[in-house]
Amino acid sequence: MNHVEIHTDGACKGNPGPGGWGVVLQSGAVRRELFGGEAETTNNRMELTAVIESLRALKRPCRVSLYLDSEYVRKGITEWIHGWKAKGWRTASKQPVKNADLWQVLDGLVHSGPHQIEWHWVKGHAGNAGNERADALANLGVDQARAQRV
């Protein structure tokens with residue numbers, strides 16, 4: 001099974017506002033970068049989208065080391081999601097789970113998909129090269145989304 005190191009990040013200018021997501025995938029000497037954006041979104045939706053798009057980009061089963069600066073995404077997919085599903089996509093306070101559409105997509109990719117994923121939180125804007133590049137790509141996605149709004 002190939003090993004892939006993935007760094008993801010999301011960005012939003014205004015929350016909600018124009019947002020972007022960025023991904024760096026590295027497997028051996030092969031490196032791939034992805035980014036995109038939406039005209040009206042939130043930071044959390046872009047963080048989720050970055051992880052979703054990174055996993056969608058993998059063409060065969062992989063051992064994945066996934067680095068992200070979003071505790072919302074990391075804890076959501078490794079801890080909270082089991083309770084949300086058991087409660088019909090409701091929180092402990094019986095409120096609908098925010099971003100349930102994206103959580104359901106991510107759940108399918110992670111828990112029903114072919115990849116073995118290790119989740120690693122990194123501090124954002126702290127000099128981690130992969131995170132800094134993913135952040136720069138996410139900001140390119142914001143720029144792209146802004147350009148499409150005009």
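Above this text you will find the structure in question.
Reading guide: rules and limits
- Residues numbered from 1 in each chain as written.
- Predicted model: local features only at pLDDT ≥ 70, side-chain atom pairs only at ≥ 80, totals over all residues.
- Heavy atoms only, no water.
- Helix = DSSP H or I, 4+ residues; strand = E, 2+ residues; numbered from the N terminus.
- Expected span 1.5 Å × (residues − 1).
- Buried < 20%, exposed > 50% of the residue type's maximum accessible area, 1.4 Å probe, protein only.
- Phe/Tyr/Trp six-rings, centres within 6.5 Å; stacked < 30°, edge-to-face > 60°.

We now examine helix α1 (residues 43–56). An ideal rise of 1.5 Å per residue puts 20 Å on 14 residues; α1 measures up with 20 Å between its terminal C-alpha atoms. Within the span of α1, buried status applies to M46, E47, L48, T49, A50, V51, I52, S54 and L55.

Evaluated as defined, the whole model comprises three aromatic pairs. When the centroid spacing of 5.3 Å and the interplanar angle of 70° are considered together, the rings of Y72 and W103 count as edge-to-face. In this pair, Y72 sits in helix α2 (residues 71–86) while W103 sits in helix α3 (residues 100–111), placing the two residues 31 residues apart along the sequence. You'll find Y72 and W103 in the same group, each marked buried. Judged by centre distance (6.1 Å) and plane angle (55°), the ring pair of W80 and W84 falls under tilted. Here W80 pairs with W84, and both are found in helix α2, just four residues apart, close to one helical turn.

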